[in-house]
Amino acid sequence: MIGLTLLNSSVSVGFSYIGKDFWNALSAKNADEFYKVLTQYLGALCVGAPIVTLYRYQRERLAIHWREWMTERTLQLYEENRVYYAIERGREVDNPDQRICEDVKSFTSFSLTLFLTIISTIIDLVSFSLILYSIYPQLFIAIIAYAAFGTVTTTFLGKDLVRLNYDQLTKEANFRFSLVRWRENAESIAFYAGEDLEGKTIGENLSSVIENTRELIATQRNLEFFTNGYRFLIQLLPVTVVAPRYFAGAIELGVISQSVGAFNHILNDLSIIINEFEQLSRFSAGIDPTTTTIANNIELIRLSPGTTTASNGYRTPSSYPLISLNHLDLSTPDRKRILIRDLTMEIHEGENLLIVGNSGAGKSSLLRAIAGLWTAGKGSITRPADEDVYFLPQRPYCTMGSLKDQLLYPSLEKTNDNYLSDQDLLNILEQVDLGELASRSGDGDPIRGLNACLDWSNNLSLGEQQRLAFGRVLVNKPRLVIVDEATSALDMVAEARMYNLLQDMGRKHVLKNGEMTAPGLNFISVGHRPSLLAFHDKRLRLNGEDKPSIETIEKSVLNTEQTIKNVSNL
């Protein structure tokens, strides 16, 4: 690329000298010299045109490679340590999707162009400065003064463009987001008949875009009053300066042509800020000076995965607690309110915990802290490694892909040791009361239904999505499941079936030597229904800023079973 840049600048210098000889021959009415120079010009054109074309092609090709690398690197950083979640929670970076898609593209394209422009500018400046200085030193001094005047004036007139372009990007993104939000929540808005309010909100966003656009083009207009006049004057200034020498017979017409060309080249080199000011302002607007600082005062300790015996694959029991919370204080993300104060507790293998409390007491926040998503506060949390923890939210996430992908998520590629056949997946669907889903999606063919790609978020009810999430637990077999009101859309019978599946996965097994294995699975739940008590061993009650209380649950299996039976008979 550097070599092509040098060749591209050499082409400009070469045509400068050929152009001088061309106009000298024409001015002298020397036909032989004219046709000789014309032949040289055509020969140079055959060599120079491919160089210029290859230079531009290689520049675009390099921009594509750079964009690919930078986008992949940005996505890698976006994924690491759940930065995408921290950005969404903190709201310190707006519209990260647009920034990854559009801003990376504009950054790589324009910054590469700017870099190559600076290199070619330096080469041109050295080459044509020597030409211009050899023609008339005073003209070289005039061009320096003219370029300095133009740069200072342009910077002053366009100082607001960076801010306006940044605001334009933000307001356009907010307008587009409001339209996407309307589309994604169309049914809820229709039920509420809220189209008037939504239309008003979108109209306000549009008005904000239009108002900023008007201010932007007015500033550009003021800037272009100067820059257009500045560019037009370039055609007259060099000729005006060297004209007295031409009239005195000291130089030929070709020298004037060469001086005009050299003057234009140097002036373009020195006026890079003037010529690219609007582009620079848009480029600067795409680079958010705001840096995201993520406070991480809660120490999260992830234990290594449990060891397994070689003979049967079961884990041996551990004497260490599965989860340990030590003097944990949990705050809101802005740290203005403490949700949980001085919580210390241990959960051992075989113990399942139910978290209860009033709305806003911090139940879901505590689950997120245990999962490693919530970091505002202090203290320490010890839990299994990420691969041994699975989170069941109230509204499960449905990935883009087939029904099989929904079950395997997030482990879309299973190893040979954990390979599940299509029949295994169909059996899992039966276990979570979704036995007809595959057949329904495949027009009667369950195998075809497993590979059907639909918009599962809109094709499945919330209850079906919640049961599908429990199917993912059967597929991934974690050590710890965090359940955040994941049965809210299920009736008590379906809820009991889902928790029975978790309990079955958590049962201990007897080894040949008579010892018991470790439980296959433990779970921590947040919920309000009394029926959940039957499936848990301990209850943690959050009392706002007062110290939480922990108690062992005294189960009454008969009453729970009778309650579920009565509900099923309704």
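Rules used in this analysis
Residues numbered from 1 in each chain as written. Predicted model: local features only at pLDDT ≥ 70, side-chain atom pairs only at ≥ 80, totals over all residues. Heavy atoms only, no water. UniProt positions renumbered as here; feature names shortened; annotations may be inferred. Helix = DSSP H or I, 4+ residues; strand = E, 2+ residues; numbered from the N terminus. Buried < 20%, exposed > 50% of the residue type's maximum accessible area, 1.4 Å probe, protein only. Areas by Shrake-Rupley, 256 points an atom, 1.4 Å probe, with all protein chains shown as cover. Phe/Tyr/Trp six-rings, centres within 6.5 Å; stacked < 30°, edge-to-face > 60°. Lys NZ or Arg CZ within 6 Å of the ring centre and 35° of its normal. Core = buried A, V, L, I, M, F, W, Y, C linked by side-chain atoms within 4.5 Å. Contact = heavy atoms within 4.5 Å. Pairing = 2+ DSSP bridges. Axes fitted to C-alpha atoms, helices over the stretch in contact; angles between N-to-C directions. Parallel < 35°, antiparallel > 145°, perpendicular 65-115°, else oblique. Left-handed = near helix turned anticlockwise from the far one by under 90°. pLDDT = per-residue confidence, 0-100. Expected span 1.5 Å × (residues − 1). Salt bridge = Lys/Arg side-chain N within 4 Å of Asp/Glu carboxyl O.

The name that an unreviewed UniProt entry assigns to the chain is ABC transporter, with the source organism given as Fragilariopsis cylindrus CCMP1102. The chain has a UniProt comment under Sequence similarities (unreviewed entry) that states "Belongs to the ABC transporter superfamily. ABCD family. Peroxisomal fatty acyl CoA transporter (TC 3.A.1.203) subfamily."

(A) Fine view of the overall build of the chain. A count of helices and strands for the chain gives 21 helices and 10 strands. Taken over 570 residues, the chain has a buried fraction of 40%. In the form shown here, the chain has an accessible surface area of approximately 31400 Å², with 55% of it arising from carbon and sulfur atoms.

(B) Up close: the packing of aromatic side chains. On inspection of all chains with the given rule, the structure shows 6 aromatic pairs. Here Tyr499 and Phe535 contribute two aromatic rings whose centre-to-centre distance is 5.3 Å and whose plane-to-plane angle is 15 degrees, an arrangement assigned as stacked. In this pair, Tyr499 sits in helix α20 (residues 492-505) while Phe535 sits in the loop between β8 (522-526) and β9 (538-543), placing the two residues 36 residues apart along the sequence. Each member of the pair, Tyr499 as well as Phe535, carries the same accessibility label: buried. Through successive ring pairs, a cluster of aromatic residues spans Phe470, Tyr499, Phe523 and Phe535. The ring of Phe156 has Lys159 lying over it, and the distance from NZ or CZ to the ring centre is 4.5 Å.

(C) Molecular detail of the nonpolar core. Counting residues in hydrophobic clusters, the biggest one holds 40 residues, and the most contacted among them are Leu392, Leu403, Leu429, Val483, Leu502 and Phe523. Elements represented by at least two residues in this core include exactly β4 (353-357), β6 (389-392), α14 (403-408), α15 (422-431), α16 (437-441), α19 (462-476), β7 (480-484) and α20. Discounting chain neighbours no more than four positions away, the residues touching Leu429 are Leu403, Leu407, Leu434, Gly435, Ala438, Leu450 and Leu468. Ranked by size, the runner-up nonpolar core spans 28 residues in total, among them Met345, Ile370, Val389 and Ile524.

(D) Focus on the UniProt feature "transmembrane region" (unreviewed entry) in the chain. Here, UniProt's "transmembrane region" (unreviewed entry) annotation points to residues 112-133 and 139-158. A helix fraction of 100% and a strand fraction of 0% characterise residues 112-133, whose end C-alpha atoms lie 31 Å from each other. Helix makes up 95% of residues 139-158 and strand 0%, whereas the separation of the span's terminal C-alpha atoms amounts to 28 Å.

(E) Spatial organisation of the sheet that holds β4. Spatially, β6-β7-β8-β4-β9-β10 is the arrangement adopted by the 6 strands of the open sheet, whose pairing is mixed. At either margin of the open sheet sits one strand with a lone partner, and together these are β6 and β10 (546-552). Across the sheet, the mean angle separating the axes of adjacent strands is 15 degrees when strand polarity is ignored. In terms of strand pairing, β7 meets β8 through 5 bridges, oriented parallel. Residue pairing in the sheet places Val481 in a bridge with Phe523 of β8. In the packing of α19 onto the sheet, contacts are made with β6 and β7, and the angle to β6 comes to roughly 170 degrees.

(F) Summary view of the packing of α15 against α19. For the pair α15 and α19, the least separation of the axes is 9 Å and the interaxial angle reads 130 degrees. As judged from the angle between their axes, α15 and α19 are oblique. When you trace α15 past α19, the crossing you get is right-handed. Here Leu425, Ile428, Leu429 and Gln431 of α15 come into contact with α19, specifically with Leu468, Gly471, Leu474 and Val475.

(G) Seen up close, the confidence of the model for the chain. Averaged over all residues, the pLDDT of the chain is 78; the fraction at 70 or higher stands at 81%. Taken as a whole, residues 288-296 scores under 50 in pLDDT and shows 14 contacts with residues more than four places along the chain or in a different chain. Ignoring residues within four places in sequence, the model shows residues 307-311, a span with pLDDT below 50, making 7 contacts including any to other chains.

(H) Fine view of the pairing of strand β2 (residues 323-331). Extensive coverage of β2 is indicated by the burial of 7 of its 9 residues. Strand direction decides the pairing type here: β2 and strand β3 (residues 338-347), joined by 6 bridges, are antiparallel. When the sheet's bridge partners are listed, Ser331 is paired in β3 with Ile338. Here β2 hands over to β3 after 6 residues, with Arg335 in that stretch at a positive phi of 65 degrees. Here β2 runs beside strand β5 (residues 377-384); their pairing, made up of 5 bridges, is antiparallel. Directly across from Asn326, in β5, lies its bridge partner Ser380.

(I) Local environment of helix α13 (residues 363-371). For α13, the buried fraction is high: 7 of the 9 residues fall into the buried class. Taken residue by residue, α13 has Lys363, Ser365, Leu366, Leu367, Ala369, Ile370 and Ala371 as its buried positions. After α13 finishes, the residue Gly372 shows a positive phi value of roughly 90 degrees.

(J) View of the side chain of Asn212. With respect to the element layout, Asn212 can be found in helix α8 (residues 195-234). When its relative accessible area of 5% is taken as the criterion, Asn212 is described as buried. Once residues lying within four places of it in the same chain are set aside, the contact partners of Asn212 are Leu164, Asp167, Gln168 and Lys171.

(K) Representation of helix α1 (residues 2-28) within the structure. Its 27 residues place the ends of α1 40 Å apart at the C-alpha level, agreeing with the 39 Å of an ideal helix rising 1.5 Å per residue. Residues Thr5, Asn8, Ser9, Val11, Val13, Ser16, Ile18, Gly19, Phe22, Asn24 and Ala25 constitute the buried set of α1. Count one or two residues on from α1 and you reach Lys29, which has phi positive near 55 degrees.

(L) Representation of the pattern of salt bridges. This structure, assessed with the given rule, holds 12 salt bridges. We note a salt bridge from Asp167 to Arg163, for which the minimum N-O separation is 3.7 Å. With a gap of 4 residues between them, Asp167 and Arg163 both fall in helix α6 (residues 161-184), about one helical turn apart. Take Asp167: its relative accessible area is 23%, and that puts it in the partly exposed class. Notably, a salt bridge pairs Glu495 with Arg529, separated by 3.0 Å at the nearest N-O pair. Of the two residues, Glu495 sits in helix α20 while Arg529 sits in the loop between β8 and β9, which places them 34 residues apart along the sequence. Judged by its relative accessible area of 1%, Glu495 falls in the buried class. Sharing partners across several salt bridges, the network here consists of Arg163, Asp167 and Glu215.

(M) Examining the environment of Leu490 more closely. Tracing the backbone through its elements, the reader meets Leu490 in the loop between β7 and α20. With residues up to four places along the chain from it excluded, the contact list for Leu490 reads Gly463, Gln466, Arg467, Glu495, Met498 and Arg529.

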